[in-house]
Each structure stands twice: as C-alpha cells, then as structure tokens.
Amino acid sequence: MKRLLAALVLAATPAAALDLGAMDATEQEQFNAAIRAYLLDNPEVLIEAMNVLEQRRLDNEAENDSAVIAQLRDQILNDGHSWQGGNPDGDVTVVEFIDYRCGVCRQAFPQVEQLLQDDKNIRMIFIELPILGQESDLASRFAVAVQQAEGPEAYKRVHDHFYTMRGNVTIETLREIATEMGFDADQIIGAMNSDAVTDVLRKNAQLAQALQISGTPSFVIGDRLLRGLPQGGIAPVIEQTRKENG
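From a predicted model like this one, the values you see are computed outputs, not experimental measurements.

Rules of the game
Residues numbered from 1 in each chain as written. Predicted model: local features only at pLDDT ≥ 70, side-chain atom pairs only at ≥ 80, totals over all residues. Heavy atoms only, no water. Helix = DSSP H or I, 4+ residues; strand = E, 2+ residues; numbered from the N terminus. Buried < 20%, exposed > 50% of the residue type's maximum accessible area, 1.4 Å probe, protein only. Contact = heavy atoms within 4.5 Å. Areas by Shrake-Rupley, 256 points an atom, 1.4 Å probe, with all protein chains shown as cover. Pairing = 2+ DSSP bridges. Axes fitted to C-alpha atoms, helices over the stretch in contact; angles between N-to-C directions. Arc of directions from axis to C-beta. Phe/Tyr/Trp six-rings, centres within 6.5 Å; stacked < 30°, edge-to-face > 60°. Polar contact = N/O pair within 3.5 Å; in protein donor to acceptor, adjacent residues only side chain to side chain. pLDDT = per-residue confidence, 0-100. Core = buried A, V, L, I, M, F, W, Y, C linked by side-chain atoms within 4.5 Å. Right-handed = clockwise from strand over helix to strand, strands pointing away.

Trainee: Would you mind showing me how to read the overall build of the chain here?
Mentor: From N to C terminus, the chain includes ten helices and five strands. Split into buried and exposed, the 246 residues of the chain put 39% on the buried side. Long-range contacts, defined here as pairs at least 24 residues apart, represent 74% of the contacts in the chain between residues at least 6 apart. When the accessible surface of the chain is totalled, it reaches about 14,000 Å², and 50% of it is carbon and sulfur.

Structural data, given as structure tokens:
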C-alpha cells in the first residue's frame, strides 16, 4: 500500500515540487495524514490506480508471451508429433494444450468442434499435456500410442471419446476402448510406456514449461497465449488475429 501511495503522489506531483527526503518528521506526518484523508474521501482513486497497475501487468505479460512464442514458433506449430486438423493451409492456427481429465477442457471441447465446423480456414493442433494425475497420464499415453500405431484419424476418434466418456480411466477401460474401436488392444496398451510415447509427452511438457503454461486448456493463437478459456470463447481472438494479420 505504501508503494501504491507513493506512486499516486509521484504521478500527480511535479518532481521539482516535492522532495520527500527534505521533510522533517512533523512534515512527513502531516503529509501522510493529508494523503490518507484524501484517499478516504476519494477511494475510487485507489481502484483506478489498481486497475492501471493490473493492466500494465497484463500488457507486460502479453509482450513477454509474444516474445517467447516468436522464439518457439517452429516447435509450437511443427513439432512433428502432435495431431493437426482443420485446414492445413488455414490463415489462423489454433494450438490447444489439453488434458482429458480437465473439466474446463471438456467445456472447451464442443466450442472447438463447432468452431472447426463453422470456420473452414482454421488449422488446429492438439498438444497433449497430462498434468492432473495418473488418469490424465494414462489417457494421453493411450491417445499418443493410438496416433503412432493407427494414424491421425484414429487419434481424433480417441480424443473425442475421452471428452465424452464417463467413469475412470484404467488399463481395463482403455483395453475396452481399443477393442471397440477395432485396434490391436495388446499393441496399444504395450506401447503406452514406450520410449516413443514418453518422448512425445516429455517434449510437450518442456514446451509448456518454456511458455510458462501450468494449466489446461491453454491456447496459442497468433502471438497470443491464452491461459484458460476466455469468457467469450476463442472465436473473437481468432477474428482479432485475422484483422491484425491483414
């Protein structure tokens, strides 16, 4: 609070007109009392100042995110292992870091699917980031193993299934899913702990750490990083990105 008060005073007072260091104890006490009285009479000033500070923090965070995205753009957009769908030549790429046991990811799922149906000019990338425990890890390992063994279409079927299924993720339920979808269950289950699958999840975790992503869903759209699902959804962000890209 003292730092905030000082910022308020210095912002409103010409530098030459105020020398706090030159005040004696009595003058400082009177000055502090005057500031306190002013703020009690005008509490909205504090709210305005805090809003300005918060906006500056967000602006700085966005600038830092943009710089990091620029450095890691090739890893984000062309990692060589993550599922890609939509329009491969789309004018906007949406990258989503996902965890199948994440409640907000489940909320985002129908929005993303509807967006891909309605907008045929989006390239979509899903990056597996299991951070919510053993079931998250099992689901992601299964999905990656399916993609490596059966291809991107099979992966998308599994991806969609995980977001709509109920119940716990266990080896038994994964075996049932593999069988129902016509996969070789023994092959998929056996590959889940392979070096190839583990390497994918390790690289994804390293990328998330470099981007300072600690939760899902997180989206990279253009030079923006969205930590969480925006209240208005991601469609407005996509349109803004298009406008900025001309």
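Past the structure itself, the notes keep going.
Trainee: How should I be thinking about the sheet that holds strand 5 (residues 224–227) in this particular structure?
Mentor: The strands making up a sheet associate through backbone hydrogen bonding, with each pair oriented either parallel or antiparallel. Pairing in this open sheet of five strands is mixed, and the strands run 1-3-2-4-5 from one edge to the other. The sheet terminates laterally at strand 1 (83–86) and strand 5, the two strands that pair on one side only. The average angle at which neighbouring strand axes cross in this sheet is 20°, direction not considered. By the bridge criterion, four bridges tie strand 1 to strand 3 (residues 122–128) in an arrangement that is antiparallel. Within strand 3, the residue paired with Trp83 across the bridge is Phe126. Each of strand 2 (92–98), strand 3 and strand 4 (218–221) is contacted by helix 4 (residues 103–118), which is oriented at about 155° to strand 3, the strand it contacts most.

Trainee: Any chance you could explain helix 10 (residues 235–245) here in plain terms?
Mentor: An α-helix turns once every 3.6 residues. As a result, residues three or four positions apart point the same way. If you check which residues of helix 10 are buried, you get Val237, Ile238, Thr241 and Arg242. Down the axis of helix 10, the buried side of the element spans an arc of 140°, and every buried residue falls inside it. Packing partners of the buried residues in helix 10 comprise strand 2, helix 4, strand 3, strand 4 and strand 5. Positive phi appears at Gly246, one or two residues downstream of helix 10, with a value of about 70°.

Trainee: What is the right way to look at the pairing of strand 5 in this model?
Mentor: Within a regular strand, the side chains alternate between the two sheet faces. Two strands pair when backbone bridges link them, and strand 4 and strand 5 are joined in this way by four bridges, in the antiparallel orientation. Within strand 5, the residue paired with Ile221 across the bridge is Arg224.

Trainee: Can you walk me through the packing of aromatic side chains in this structure?
Mentor: Aromatic rings considered in pairs are described by the distance between their centres and by the relative angle of their planes. One pass over the structure, following the stated rule, counts six aromatic pairs. Geometrically, the ring pair formed by Trp83 and Phe126 is stacked, given 4.9 Å between the ring centres and 15° between the ring planes. Taken as a pair, Trp83 in strand 1 and Phe126 in strand 3 lie far apart in primary sequence, 43 residues in all. Like Phe126, Trp83 is buried. Within the aromatic cluster, the residues linked to one another by ring pairs are Tyr100, Phe109, Phe142, Phe162 and Tyr163.

Trainee: Would you mind going over the side chain of Ser82 with me for this structure?
Mentor: Its place among the elements puts Ser82 in the loop between helix 3 (44–77) and strand 1. Owing to a relative accessible area of 11%, Ser82 belongs among the buried residues under this scheme. A polar atom in the side chain of Ser82 sits 2.6 Å from the side chain of Asp79. When neighbours within four sequence positions are excluded, Ser82 is seen to be in contact with Ile125, Phe126, Ile127, Gln147 and Asn204.

Trainee: Please explain the confidence of the model for the chain as it appears in this structure.
Mentor: Detailed conclusions should not be drawn from predicted coordinates in areas where pLDDT is low. The predicted model of the chain averages 88 in pLDDT, with 87% of residues at 70 or higher. In this model residues 10–16 is a low-confidence stretch, pLDDT under 50, and it forms one contact with partners more than four residues away in sequence or in other chains.

Trainee: What exactly am I supposed to notice about the nonpolar core here?
Mentor: A general tendency of soluble globular proteins is for nonpolar side chains to be buried together. Val94, Phe142, Phe162, Leu174, Ile221 and Ile234 are the most contacted members of the largest nonpolar core, which has 47 residues in total. Among the elements that make up this core, the one with the highest residue count is helix 5 (residues 134–150) (seven residues). If we skip the residues at most four places from it in the chain, Ile221 touches Val92, Thr93, Val94, Leu226, Ile234, Val237, Ile238 and Thr241. In terms of nonpolar packing, the next biggest core, distinct from the first, is built from 15 residues, Ile69, Ile76, Ile127 and Leu211 among them.

Trainee: Whenever I open this one, the pairing of strand 3 confuses me. Can you help?
Mentor: With seven of its seven residues buried, strand 3 lies for the most part within the structure. Every second residue of strand 3 is oriented toward a common face, with Ile122, Met124, Phe126 and Glu128 on one face and Arg123, Ile125 and Ile127 on the other, all of them buried. Summarising the sheet, strand 2 and strand 3 pair through seven bridges and their orientation is parallel. Within strand 3, the residue paired with Glu96 across the bridge is Phe126. For the segment spanning strand 2, helix 4 and strand 3, crossover handedness is right-handed.

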